[in-house]
Amino acid sequence: MNFPLTFWDMSLWLVVTAIILLATSELLSPYYGRTGIALDKRKLRMIALVMGILFMGTVVVRIIGIITGS
Amino acid sequence: MPVRPQDAYCENCGFRLGERTSLENLVTNTKTLEEENQDLREKLRKATRRPSRLAGLGLSALGFTALTISILFESSILAFIGLGLTFWGVLLLFVRTTHYVKSQLLDATSRPYYVAVERLLDHLEYEGHPVYLPPRQLKTLKVGTIFIAAEKNEEIDYYKLSEDLQAEQLFIQIPSGVCLFAPGVGLANLLEEEIGKDFTKESLDDLQRDLPSAIIEGFELAEGVEIEVEGEAVVVKIMSSLYEAFYEDAGERLKRIGCPLVSAIALALTRATGQPIFVDEIKPEPESRKMIVRYVVLRGVER
């Protein structure tokens, strides 16, 4: 009974989520049409950036791993 | 001789006791109906409220279930699905917008101000064009004043007037006119907060850059705003303004005061330039949902 995702799987998930969130925060607006779900665009964008930074963190870990040869 | 119940009168209120009983019944019925009305309102509110919370809880529950199953069966696909669902569920629960109101409220809540102004001006028989005066004192920096002269074609030095004007002064004798609170002052102050700078410290170029983004992205009051300087005039094109319904039945005088958005832009311009400003022309184009507003700067002494 182990968690089936590896560190690199999580890295992939982070980047995909960050891209989706960034695109959503750009397209989303309660002004256009009648929306059922209201979200704060700024907070969404901030979360997208945090996800992006986390992904970059995993990239840095990868780079350090390559440099140190592990 | 015994008094029949229907012939008995109350000593205090004078009602026939039979009538009072029916009145009491009416009061009881009314209270019951009011309670029912409240219950129905509550049900309606629950039925029409935004489903963000419900969707958030549902997605989170599904996500957690998928994650648990993925751990049990060591399925990476289920883990991805679970992570995604949990993430979006939590997002919907915690990233809900705090202030979300229907745009019709904007027009409905600002309308009484304009009706009151129109009645006041009709009563006073003042015919001058509304002119936005720049703030001259520290305590009037966050206040917006519109001066409306009594006569239409009177020669007035608005710049000197703005310097002589006392805070909270309502009527002015020379030149004869009235000072009104601008309808867009609240919005103008909010725009300043959004931009993070006082308009008095900004130039026209700064306004051209900062104001559209604050209106479009900050408050989503319009789909597009373009500011162009043409000599002494500043032409502002507003696309799909939330206040466009205001101009459908507004008179010429109210148009020149402008909806709260047009008024806020006028205040921004008058604060930035330090000069009196008036709305020269408003051309609403309902077909393209565009509105062209022409402000004229009444140059006095340069700052």
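Details of the structure are given in the entry above.
Worth saying up front: this structure is predicted, and the values here are computed from it rather than measured.

About the thresholds
- Residues numbered from 1 in each chain as written.
- Chains lettered and ligands numbered in written order.
- Predicted model: local features only at pLDDT ≥ 70, side-chain atom pairs only at ≥ 80, totals over all residues.
- Helix = DSSP H or I, 4+ residues; strand = E, 2+ residues; numbered from the N terminus.
- Buried ≥ 20, exposed ≤ 12 C-beta atoms within 10 Å, placed from the backbone.
- Contact = placed C-beta atoms within 7 Å.
- Pairing = 2+ DSSP bridges.
- Axes fitted to C-alpha atoms, helices over the stretch in contact; angles between N-to-C directions.
- Parallel < 35°, antiparallel > 145°, perpendicular 65-115°, else oblique.
- Nonpolar A, V, L, I, M, F, W, Y, C, P; charged D, E, K, R; others polar.
- Core = buried A, V, L, I, M, F, W, Y, C linked by C-beta atoms within 7 Å.
- Left-handed = near helix turned anticlockwise from the far one by under 90°.

Engineer: Provide a residue-level description of the overall build of chain B, including the pertinent values.
Structural biologist: The helix and strand tally for chain B stands at 9 helices and 8 strands. Out of the 303 residues in chain B, the part that is buried amounts to 30%. Across chain B, the fraction of contacts at a sequence separation of at least 24, relative to all contacts at a separation of at least 6, is 58%.

Engineer: An account of the overall build of chain A is needed here, citing residue identities and associated values.
Structural biologist: Summing up its helical and strand segments, chain A has 2 helices and 0 strands in all. Split into buried and exposed, the 70 residues of chain A put 14% on the buried side.

Engineer: Break down the pairing of strand E4 (residues 177-181) of chain B for me, with residues and values.
Structural biologist: Residue and element names in this part refer to chain B. Examined bridge by bridge, strand E2 (residues 145-149) and E4 share 5 bridges and lie antiparallel to one another. Considered in E4, the bridge of Ile148 is made with Val178. When strand E3 (residues 171-172) meets E4, the two strands line up antiparallel, connected through 2 bridges. For Phe171, the partnering residue across the bridge sits in E4 and is Val178.

Engineer: Hey, could you go over the packing of helix H6 (residues 185-195) of chain B against helix H7 (residues 204-218) of chain B for me, with residue numbers and the actual values?
Structural biologist: For any two helices packed against each other, one specifies the crossing angle of their axes together with the interaxial distance. All names here are of chain B. Running from N to C, H6 and H7 point in directions that differ by 100 degrees, and their axes come no closer than 10 Å. The angle between H6 and H7 falls in the class roughly perpendicular. From H6, Leu191, Glu194 and Ile195 reach across to H7, where they touch Asp210, Leu211, Ala214 and Gly218. In terms of residue class, the contact of H6 with H7 is built from 4 nonpolar, 1 polar and 2 charged.

Engineer: Which residues make up the pairing of E2(B), and what values do they have?
Structural biologist: Residues and elements named next belong to chain B. With 5 of its 5 residues buried, E2 lies for the most part within the structure. As defined by bridge partners, strand E1 (residues 130-133) adjoins E2 across 4 bridges and the pair is classed as antiparallel. Residue pairing across strands places Leu133 opposite Thr145, the latter belonging to E2.

Engineer: So, the sheet that holds E3(B): which residues are in play, and what are the values?
Structural biologist: All names here are of chain B. The 8 strands lie next to each other as E3-E4-E2-E1-E7-E8-E6-E5, forming an open sheet whose pairing is antiparallel. The outermost strands of the open sheet, each flanked by one partner alone, are E3 and strand E5 (224-230). Note: E1 against strand E7 (residues 277-285), 2 bridges, orientation antiparallel. Bridged to Tyr132 within E7 is Ile277.

Engineer: So what's going on with the nonpolar core? Residues and values would help.
Structural biologist: Core analysis: the largest hydrophobic core is formed by 51 residues, its most contacted members being Tyr132(B), Leu211(B), Leu261(B), Ile265(B), Ala266(B), Ala268(B) and Leu269(B). Examining the composition of this core, we find that 9 residues originate from one element, helix H9 (residues 260-273) of chain B, more than from any other. Here Ile265(B) is in contact with Leu211(B) and Val236(B), once residues within four sequence places are set aside. One finds Leu21(A), Ile47(A), Leu83(B) and Leu92(B) within the second-largest nonpolar core, a separate group that totals 18 residues.

Engineer: Go over the packing of helix H1 (residues 7-27) of chain A against helix H2 (residues 41-68) of chain A, please, and point to the residues and values.
Structural biologist: Residue and element names in this part refer to chain A. Two elements in contact, H1 and H2, have axes whose closest approach is 8 Å; the angle formed by their N-to-C orientations is 155 degrees. The orientation of H1 with respect to H2, classified from their angle, is roughly antiparallel. Relative to H2, the crossing made by H1 is left-handed. Contacts between H1 and H2 involve Phe7, Ser11, Leu14, Val15, Thr17, Ala18, Leu21, Leu22, Thr24 and Ser25 on the former and, on the latter, Lys41, Leu44, Arg45, Ile47, Ala48, Met51, Gly52, Leu54, Phe55 and Thr58. Across the contact of H1 with H2, the residue classes tally to 12 nonpolar, 6 polar and 2 charged.

Engineer: If you had to explain the environment of Ser25(A) to someone new, which residues and values would you point to?
Structural biologist: All names here are of chain A. One can find Ser25 in helix H1. Note on Ser25: 21 C-beta atoms within 10 Å, which makes it buried. For the pair Ser25 and Ile47, spaced 22 residues apart in the sequence, the C-alpha separation amounts to 9.8 Å. Non-local contacts of Ser25, meaning those with residues more than four positions away in its chain, are made with Lys41, Leu44, Arg45 and Ala48.

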